[in-house]
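Chain by chain, the residues:
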Amino acid sequence: MKIEQNVLEALQASPLFNQINREEIQSMLHCLNPRIQKYRKGVTVANFGETFFGIGIVVEGEIVIAKESIAGNRTIMTVLKKGEMFGEMVSFSDKKVWPATVTAQSDCEVIFVSPEKVISQCEKMCHYHQKLIDNILKIMSKKALMLNRKVEYLSIRSLRGKLCAYLIEQHRQQGLSIFSLPLNRDELADFFNVARPSISRELSKMKDEGLIDFHKASFKLIDIEKMKTSI
């Protein structure tokens, strides 16, 4: 099948195809038979509770994974960019429905792959298909650990403690003295299930107290040790 260059680049960037080269990916696509779909900003990719229809990999743009409580409060689980995937955690469960709502954060393109195609050995019995299976097992393990991490954030009682833990985590992950947050203020408020003004107010207090400095989405941690005392 004919695959565009940007799709191959996204698949190469995806952890699902880690250590599988472009030629091997191109060959595998005949077995995987993926579906490519484009979405405009704000369009729902998948609704909570709907029938699951495949593992998604972001080719271009960004998507948001979010859940709503019975009261209608929205909590952002994560924001995904090029090469990142979603749906793998539910793809092998007995109840195949979307556990969250997936929305286009910007104009985007997504490639969907059937989970059965991923784990079944292809007719050619290619060695790189076995690598694909190894990769998805690693990804699912990593996602489970990340969910545990979010539970840790939410278990911290104070909003300042949550913000300190999140900022320190982002600082460590990116390894930069000045780093950018993957979430804007509204998304951060949804992530911690609080009002947006509360986020802005607490960040401003932390800046005034000399704990952090920031400009828009760029942050610098000034007193990490003191921040740790709030966690």
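Look up a bit, the structure's there.
So, here's what we can say about the structure. (Residues numbered from 1 in each chain as written. Predicted model: local features only at pLDDT ≥ 70, side-chain atom pairs only at ≥ 80, totals over all residues. Heavy atoms only, no water.)

What follows concerns the sheet that holds strand 1 (residues 35–39). On the basis of which strands lie adjacent, the open sheet formed by four strands has the order 1-8-3-6 and antiparallel pairing. Two strands close off the open sheet at either side, each with one partner strand: strand 1 and strand 6 (85–86). Bridge analysis of strand 1 against strand 8 (residues 108–113) gives five bridges, and the strand direction is antiparallel. Bridging from a neighbouring strand, Tyr39 pairs with Cys108 of strand 8. (Pairing = 2+ DSSP bridges. Helix = DSSP H or I, 4+ residues; strand = E, 2+ residues; numbered from the N terminus.)

So, about helix 2 (residues 22–32). Inspection of helix 2 places Glu24, Ile25, Ser27, Met28, Leu29 and Leu32 among the buried residues, and these make up the whole buried set. Residue Asn21 occupies the N-cap position of helix 2, its side-chain oxygen lying 3.2 Å from the main-chain nitrogen of Glu23. One or two steps after helix 2, the chain reaches Asn33, where phi turns positive at roughly 45°. (Buried < 20%, exposed > 50% of the residue type's maximum accessible area, 1.4 Å probe, protein only. Polar contact = N/O pair within 3.5 Å; in protein donor to acceptor, adjacent residues only side chain to side chain.)

Burial along strand 10 (residues 212–215) is one-sided: Ile212 and Phe214 are buried, while Asp213 and His215, pointing the other way, are not. Bridging between strand 10 and strand 11 (residues 218–221) involves four bridges; their strand directions are antiparallel. Residue Asp213 lies in a different strand from strand 11, and its bridge partner there is Lys220. Connecting the antiparallel pair strand 10 and strand 11 is a turn made up of two residues, with Lys216 showing a positive phi of about 55°.

Turning our eyes to something else, we now look at the pairing of strand 5 (residues 74–80). Bridge count for strand 4 (residues 63–68) against strand 5 is six bridges, and the pairing is antiparallel. Bridge pairing in strand 5 places Glu68 opposite Arg74. Connecting strand 4 to the next strand, strand 5, in antiparallel fashion are five residues, including Gly72 with a positive phi near 95°.

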